[in-house]
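Below, each chain spelled out in residue letters.
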Amino acid sequence: MKYILMMTGNKSDFDGYAKWSKEDLQANVAFMRAFSKELKHSGVFVSTEGLGWPSEARLVRAGKDGEPVTDGVFPESKEFLAGYWIIDVENPEQAYKIAARVSQAPGAGAKSANMPIEVRPILSSHADLGL
Amino acid sequence: MKYILLMSGTAAGVAGYHARSKQEIEAHMAVLHRITKDLSESGEFVATQGLAGPNEAKVVRGEKNGVPVTDGIFPESKEFLLGYWIVDVPNAERAYAIAGRISAASSNMPMEVRQFATYEATSR
Amino acid sequence: MADPPQDVPFEHLLRELAPQVLGAVARRFQDFSSAEDAVQEAMIAAFTQWPKEGVPENPRGWLIQVACRRMTDQMRTEIARRERETAVAKEVENLTSFLEIEADMDPDDTLILLFMCCHRALTSSSAIALTLRAVGGLTTAEIANAFMVPEATMAQRISRAKQTIKASGVPFRLPAQPERMERLPAVLHVLYLIFSEGYASSIGTHLQRLDLAREAIRLTRNAKTLLPDNAEVAGLLALMLLTDARRAARTGAEEELIPLDKQDRRLWDRAEISEGIDLLTAALSKASVGLYQLQAAIAAVHDEAAKVEDTDWPQILALYELLKRVAPSPMVTLNYAIAAAMVHGSAKGLELLQALDSDPRVADHYRLAAVRAHLLEKLGDHQAAIEHYRIAAAKTTSIPERNYLITQAARLAGD
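Keep in mind it's a predicted model, so treat the numbers as computed, not measured.

A look at the overall build of chain B
Next up, step 1: Along the backbone of chain B there are 3 helices and 6 strands.
Next up, step 2: Listing every helix and strand of chain B by position from the N terminus yields β-α-α-β-β-β-β-α-β.
Next up, step 3: The C-alpha radius of gyration computed for chain B amounts to 17 Å, which surpasses the reference 14 Å derived for 124 residues by more than 25%, pointing to a less compact arrangement than a globule.
Next up, step 4: Taken along its principal axes, the extent of the C-alpha atoms in chain B is 50 × 50 × 20 Å.
Next up, step 5: Taken across its 124 residues, chain B has 27% of its residues classed as buried.
Next up, step 6: Restricting to contacts in chain B with at least 6 residues of sequence separation, those with at least 24 account for 72%.

Printed below as a string of structure tokens:
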């Protein structure tokens, strides 16, 4: 079963991250690299991506003549997706355990960030035989 | 360059969608299907995923005694991710155009467009 | 490794030969794990060289030869590192020709491999992946593509599965009779899961070159050849054929799901149905009735009805009664409730569903809500039916199912 593990943050979270010390950033990057490697090694890795900064995010709607209308203004409270992992595991408990692991990535001041990681099942394009 | 096109909604929005007529729902599904097919043909398609609803979601914050700490409660008004498309296109404008098309097909819901971070060095 | 080229006439030949080659090499070197890697490499070599040089006169011998060379090369490297005389080193020096190894082949090798790959120490997904590669002769890329994970992930999954088997110390030989019968259900379960995955993913136009359902049928046929007197193996094959027969009718033009009671039965494959029924008849004439035979019998009753109105629901109900005793599960109870509703009325069906509300294995399952919705609709309680269709839609992780359930709700709401 495939699950997506999502890491989000609001604008001040991102601004805060940008101000971390070099050591804290390196520790976090090293942790994330090791984490992805672990996922690959255990045969559950499907994909992972980091997303660009919220300042580059755009909201797009279709305009009157079909041309897209873009807008870069978001409320202060908006939660932006920072990155995600997609894993393929036997059951939800395995997904939560993996999420718990990444949520303990080292954060600012070398403490565990205990980041909230949202775990959602990914819908499949297959029929469900209900077995 | 890879972009992710995020479609989000609220519980009320989803309920409203479900309240539509069968014809409207089927027409919407058909248009989204068509868009994905066109993107495959143009070679711009990378992936698309739908996500299970927030009732099936858990938020995990660390572990206590080796057991993940989970929380499944979402405020009714909170926006949640419904699904996404990932496209591989030459520039942001093309990504916006694709997002615009999906938006137009979906009652002009706003699509959030984000570029993937890469490990490539950027020139200064 | 790149995917094998599109029109590869020897692709099917390679898949058939792979377990035979693996059996021979694994037995000779008494090392399933390394032999499996070596055979994979031989397959890749075949895909690369045969298009240019033509298929060899003795393709199996060719594969054995290449695999053995890989094995001995690997061992030479290890020996050089360890700098020690071992029995293996002696073996390398005295390596008899691949023709002798080929002659040493045992028709039971595929069966031995099936038992190994479906070892109870493995998770389902590991057993499936390893079975498809080692017994099915499929490439890692093909299997990865079928399950939509990266090739490296699938390779790692298979590698870890083999490590588990190695650690279990299970030897490369057929288990003794009583153990064989004890372990057979695990093998059949894995084959059943492969078929189910293949059948579930045959929705949709993403035409995968690999047809998992067909592969499962092929592997089960092989198993039946090796265990001709086993009623459950025959039952499983019958179940697969009787289910696969409906494939063409289950998807609409927009890739939407068409349920059994709405399918155009003219699109059903009568030849497959016929074969399934023949297999089932022969199997049922043996002593005990197992879970696959029963499921096949139920499928046969459906398939024998030329029109949905002709479906012999009392017979299906009786079969579910038996299945509840032989292999009880919440899903069986659910299906039993559907049959009971058809025979005794929807109110009876709904009553039977109540027992499942307190079963944690199924209380939250989308199918419970979906079946409830269907029965409520038949009773005319449209509001409740709509509500439960929508509950089911929110719970399923299958997009085609969700679309189907949403449109059912919308249809009722629009009436």
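With respect to the overall build of chain A
Next up, step 1: When you go through chain A residue by residue, the secondary structure sums to 3 helices and 6 strands.
Next up, step 2: Across its three principal axes, chain A shows a C-alpha extent of roughly 50 × 50 × 20 Å.
Next up, step 3: Counting contacts in chain A only where the partners sit at least 6 residues apart, residues at least 24 apart contribute 73% of the total.

Notes on the environment of Ile35(B)
Residue and element names in this part refer to chain B.
Next up, step 1: One can find isoleucine 35 in helix α2 (residues 22–42).
Next up, step 2: Its 19 C-beta neighbours within 10 Å are what place isoleucine 35 among the partly exposed residues.
Next up, step 3: Between the C-alpha atom of isoleucine 35 and that of isoleucine 98, which follows or precedes it by 63 residues, the distance is 8.6 Å.
Next up, step 4: Those residues in contact with isoleucine 35 that sit more than four places away from it in its chain are Arg101, Ile102 and Ala105.

Brief notes about the pairing of strand β3 (residues 58–64) of chain B
Next up, step 1: As defined by bridge partners, strand β6 (residues 117–121) of chain A adjoins β3(B) across 3 bridges and the pair is classed as antiparallel. Of the residues in β3(B), the one forming a bridge with Glu118(A) is Val59(B).
Next up, step 2: Summarising the sheet, β3(B) and strand β4 (residues 67–71) of chain B pair through 4 bridges and their orientation is antiparallel. Residue pairing across strands places Val59(B) opposite Asp71(B), the latter belonging to β4(B).
Next up, step 3: Between β3(B) and β4(B), which follow one another and run antiparallel, lie 2 residues, and Asn65(B) among them has a positive phi close to 55°.

Some remarks on the sheet that holds strand β2 (residues 45–50) of chain B
Next up, step 1: The strand order across the open sheet built from 6 strands is β4(A)-β3(A)-β6(B)-β1(B)-β5(B)-β2(B), with neighbouring strands paired in antiparallel fashion. Lying at the two open borders of the sheet, with one neighbouring strand each, are β4 (68–71) of chain A together with β2 of chain B. Taken pair by pair, the neighbouring strands of this sheet meet at an average axis angle of 25°, ignoring direction.
Next up, step 2: Note: strand β3 (residues 58–62) of chain A against strand β6 (residues 111–115) of chain B, 3 bridges, orientation antiparallel. Residue pairing in the sheet places Leu59(A) in a bridge with Glu112(B) of β6(B).

Concerning the confidence of the model for chain B
Next up, step 1: Overall, the prediction assigns chain B a mean pLDDT of 88, with 92% of residues at 70 or greater.
Next up, step 2: Predicted complex, confidence summary: ipTM 0.88, pTM 0.86.

Quick notes on the interface of chain C and chain A
Next up, step 1: Counting from both sides, the interface comprises 25 residues of chain C and, opposite them, 17 residues of chain A.
Next up, step 2: Mapped onto the side of chain C that touches chain A, the elements with two or more residues apiece are α9 (151–168), α10 (177–200) and α20 (399–414) of chain C.
Next up, step 3: For the side of chain C that touches chain A, a count of residues per class yields 10 nonpolar, 10 polar and 5 charged.

Side note on the interface of chain A and chain B
Next up, step 1: Taken together, the 32 residues of chain A in the interface contact 31 residues of chain B.
Next up, step 2: For the side of chain A that touches chain B, the elements supplying multiple residues, two or more each, are β2 (45–50), β3, β4, α3 (92–103) and β6 of chain A.
Next up, step 3: Considered class by class, the residues forming the side of chain A that touches chain B number 17 nonpolar, 8 polar and 7 charged.

Notes on helix α17 (residues 346–357) of chain C
All names here are of chain C.
Next up, step 1: Helix length check: α17 (12 residues) gives 17 Å between terminal C-alpha atoms against 16 Å at 1.5 Å per residue, within 8%.
Next up, step 2: Of all the residues in α17, the buried ones are Ser346, Gly349, Leu350, Leu353 and Leu356. For α17, the arc enclosing every buried residue in end-on projection is 95°, short of the 170-degree limit, so these residues lie on one face. Exposed residues lying more than 90 degrees from the buried face of α17 are Ala347, Gln354 and Ala355.
Next up, step 3: Buried residues along α17 sit in contact with α16 (330–344) and α18 (366–379).

Description of the sheet that holds strand β1 (residues 2–9) of chain A
Backbone hydrogen bonds are what pair the strands of a sheet, in a parallel or an antiparallel way.
Next up, step 1: Strand order across the open sheet formed by 6 strands is β2(A)-β5(A)-β1(A)-β6(A)-β3(B)-β4(B), with antiparallel pairing between neighbours. In the strand order of this sheet, the two ends are held by β2 of chain A together with β4 of chain B, each with one partner. Strand-to-strand twist in this sheet, taken as the mean axis angle between neighbours without regard to direction, amounts to 30°.
Next up, step 2: With 8 bridges connecting them, β1(A) and strand β5 (residues 80–88) of chain A associate as antiparallel partners. Of the residues in β5(A), the one forming a bridge with Gly9(A) is Phe80(A).

Description of the packing of α2(B) against α20(C)
Next up, step 1: For the pair α2(B) and α20(C), interaxial distance at closest approach is 8 Å and the crossing angle is 155°. Overall, the two elements α2(B) and α20(C) adopt an arrangement that is roughly antiparallel. Each of Lys22(B), Ile25(B), Glu26(B) and Met29(B) in α2(B) lies in contact with α20(C), whose residues at this interface are Asn403(C), Ile406(C), Thr407(C), Ala410(C), Arg411(C) and Gly414(C).

About the thresholds
Residues numbered from 1 in each chain as written. Chains lettered and ligands numbered in written order. Predicted model: local features only at pLDDT ≥ 70, side-chain atom pairs only at ≥ 80, totals over all residues. Helix = DSSP H or I, 4+ residues; strand = E, 2+ residues; numbered from the N terminus. Rg over C-alpha atoms; globule rule 2.2 N^0.38 Å. Buried ≥ 20, exposed ≤ 12 C-beta atoms within 10 Å, placed from the backbone. Contact = placed C-beta atoms within 7 Å. Pairing = 2+ DSSP bridges. Axes fitted to C-alpha atoms, helices over the stretch in contact; angles between N-to-C directions. pLDDT = per-residue confidence, 0-100. Nonpolar A, V, L, I, M, F, W, Y, C, P; charged D, E, K, R; others polar. Expected span 1.5 Å × (residues − 1). Arc of directions from axis to C-beta. Parallel < 35°, antiparallel > 145°, perpendicular 65-115°, else oblique.

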